[in-house]
Amino acid sequence: MAKVKKIKRIGILTGGGDCPGLNAVIRGVTKPALDHGLKVLGILDGFEGLVTGSAIEVYDKDVSGILSQGGTILGSSNKGDPFHWPVEIDGQIRITDKSKEAIANYNMWGLDALIAIGGDGTMHISKGLMELGMNIVGVPKTIDNDLEATELTFGHDSAVYVVTEAMDRLRTTASSHHRVMVIEVMGRYAGWIALNGGLAGGADIILIPEMPFEWDAVYEKVKRRSMLGKKYSIVCVAEGAKPKGGELIIKKTDVKRTDPIQLGGVAEIVAKSIEKSTGLETRYTVLGHLQRGGTPTAFDRILSTKFGTSAIDLAIKQKFGRMVALKCNEVRSVTIESAIQNQKLVKLTDQAFISAKAVGVCFGSKNL
Ligand code: F6P
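The model shown is predicted, which means the values in this text are computed figures rather than measured ones. Residue numbering note: each chain is counted from 1, following its sequence as written. Reporting of local features is limited, given that this is a predicted model, to residues whose pLDDT is at least 70; pairs of side-chain atoms are given and counted only at 80 or more, and all residues count toward the totals for whole chains, interfaces and linings. Hydrogens are left out, water is left out, and the side-chain values use all remaining heavy atoms of the structure.

### A short note on the nonpolar core
Heads up, the condition is: Within this scheme, the nonpolar core is defined by two criteria: the residues are buried Ala, Val, Leu, Ile, Met, Phe, Trp, Tyr or Cys, and they are joined through side-chain atoms within 4.5 Å. Note on exposure labels: buried denotes an accessible area under 20% of the residue type's maximum, exposed denotes more than 50%, and partly exposed covers the range between, all computed with a 1.4 Å probe on protein chains only. Strands are runs of DSSP state E lasting at least two residues, helices are runs of H or I lasting at least four, and both sets are numbered from the N terminus onward.
Core analysis: the largest hydrophobic core is formed by 62 residues, its most contacted members being Ile-10, Ile-115, Ile-117, Val-139, Phe-154 and Leu-195. Looking at this core element by element, the count peaks at seven residues for helix H5 (residues 156-177). Residues Phe-47, Met-134, Leu-147 and Val-334 belong to the second largest nonpolar core, which totals 28 residues.

Below you can see the structure in the form of structure tokens.
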């Protein structure tokens, strides 16, 4: 990490899948940066822009009115990993290393530091680029909330809000038609969206990647509810959930992506299986990218603003190699290196899990 006399020019990018609150972070970084007399360069489409040299100057007018806007004014990509850059040669995709180009553009733009807003993938790439001499401050984002180093990532609350609203809507139609409703939510390896969304939306069954489920436990739960005169059941299933001994349901594989696997389809399988085994009419809904789009909740706007302003503060103090993180409800920072050590997965000791169990939620196992 190269210390400079006083930082004058920073770059900012948003990497990986987008989520509500990215613009609020960009605003939270840019406004104080401009106030300190810094220049801000917005790198377009995540690390892709860093490799291809695509960027714009960001002025105060550009960040006005974006606090409540979903998406990211800078664009994002989950295919732009400089260390894993796909090139098509003779009709075949070859993975190449473009980190030298990334470093060259950073130097050519005269950047003193980069604010990298992203999830696990973005922090891994940041670590690699820091080892090549870049000064980076990280800001954790992901609707999945699966970074161990921070109590919360922004975007998660907005996604949970969407899931809750969808479940409220599904409940009324499930009740009218006496149906089982299966709702598929995002969450590749961590089930936080399903757990928190399911808890807020009153799911009867929650299936998450961390706890492979038993089909019989699922059937029994819906049958018991039906026998008790309850006219419907709601099942909230994370896209990464799988039955015991079963496999992840993969929709598509794309080697150009940092994580090549695209998940999707588990709700359909669960719904068909419930209907076949219990005789109860069942429907399914896949929420998909509705969870990532749209306006951030008030909570996410506040967290994003705190994260953004804290990140630029770290950059100005030249505390590079750190990622802002929520600890004991306060914004602090951790090293980017430590931030990528562990994924935050749902544990049996988590309060949300314990409370869900206490109100009778079935996690698809007789032993849980
Ligand atoms: O990591 C965030 C996330 O929303 C995951 O929950 C989901 O599996 C993935 O992104 C979907 O990515 P894409 O939009 O590239 O299909």
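### As for the site of the ligand
Convention followed: Here a residue is considered near a molecule or strand provided that any single heavy atom belonging to it is located within 4 Å of it. The definition of a polar contact used here is a pair of N or O atoms within 3.5 Å, where within protein one atom must be able to donate a hydrogen and the other to accept one, and adjacent residues in sequence count solely through side-chain atom pairs. Throughout this entry, Asp, Glu, Lys and Arg are counted as charged residues, while Ala, Val, Leu, Ile, Met, Phe, Trp, Tyr, Cys and Pro are counted as nonpolar. The remaining residues, Gly among them, count as polar. Domain limits in this description derive from either an automatic procedure or a database domain assignment.
Every residue near the ligand is listed here: Asn-78, Ile-143, Asp-144, Met-186, Gly-187, Arg-188, Glu-239, Arg-257, His-289 and Arg-292. Glu-239 is positioned with one of its side-chain polar atoms (N or O) 2.5 Å from an oxygen atom of the ligand. Between an oxygen atom of the ligand and a side-chain N or O atom of Arg-257, the distance comes to 2.8 Å. When its residues are assigned to classes, the shell around the ligand shows two nonpolar, three polar and five charged. The residue makeup of the shell around the ligand includes at least three contributed by each of domain 1 (9-154 + 296-327) and domain 2 (156-292 + 347-358).

### Concerning the domain arrangement of the protein
Operational definition: Contacts are assigned to residue pairs that have any heavy atoms within 4.5 Å of one another. Here's the idea: put two parts together, see how much 1.4 Å probe accessible area each one loses, and the total over both is what we call buried area. Salt bridge criterion: a side-chain nitrogen from Lys or Arg within 4 Å of a carboxyl oxygen from Asp or Glu.
Domain boundaries assigned for the protein yield domain 1 (9-154 + 296-327) and domain 2 (156-292 + 347-358). Each of domain 1 and domain 2 has a C-alpha centre, and the two are 32 Å apart. Contacts between the two partners involve 23 residues from domain 1, matched on the other side by 18 residues from domain 2. Surface buried jointly by domain 1 and domain 2 totals about 1,800 Å² across both partners, of which 55% is contributed by carbon and sulfur atoms. There are two salt bridges connecting domain 1 and domain 2. Here Lys-79 and Asp-254 are joined by a salt bridge, their closest N and O atoms 3.5 Å apart. On inspection of domain 1 and its partner domain 2, the count reaches six residue pairs in polar contact (both at pLDDT 80 or more). The residue makeup of the side of domain 1 that touches domain 2, split by class, is 10 nonpolar, seven polar and six charged.

### A few points about the pairing of strand E14 (residues 322-327)
Here is the rule: DSSP calls a pair of strands paired once it identifies at least 2 bridges connecting them.
Taken together, the two bridges between strand E7 (residues 136-140) and E14 define a ladder with parallel strand orientation. Note that in E14 the partner of Gly-138 across the bridge is Met-323. When E14 meets strand E15 (residues 330-335), the two strands line up antiparallel, connected through six bridges. Across the sheet, the residue bridging to Arg-322 is Thr-335, located in E15.

### Observations concerning the sheet that holds strand E9 (residues 205-207)
Here is the rule: For helices, the axis comes from a line fit to the C-alpha atoms of the stretch in contact; other axes are also lines fit to C-alpha atoms, and the angle between any two N-to-C directions lies between 0 and 180 degrees.
Read from one edge of the open sheet, four strands run E9-E10-E8-E13, paired in parallel fashion. At either end of the open sheet lies a strand with only one pairing partner, and these are E9 and strand E13 (282-286). Here the average twist between neighbouring strands, direction ignored, is 15 degrees. Sheet topology places strand E8 (residues 180-185) next to E13; five bridges connect them, and they run parallel. The partner of Met-181 across the bridge, within E13, is Arg-283. Along the sheet face, H5 touches E8, strand E10 (233-238) and E13 and points at about 165 degrees away from the line of E8. Across the sheet, helix H6 (residues 192-201) lies against E8, E9 and E10, angled at about 170 degrees from E9, the strand it touches most.

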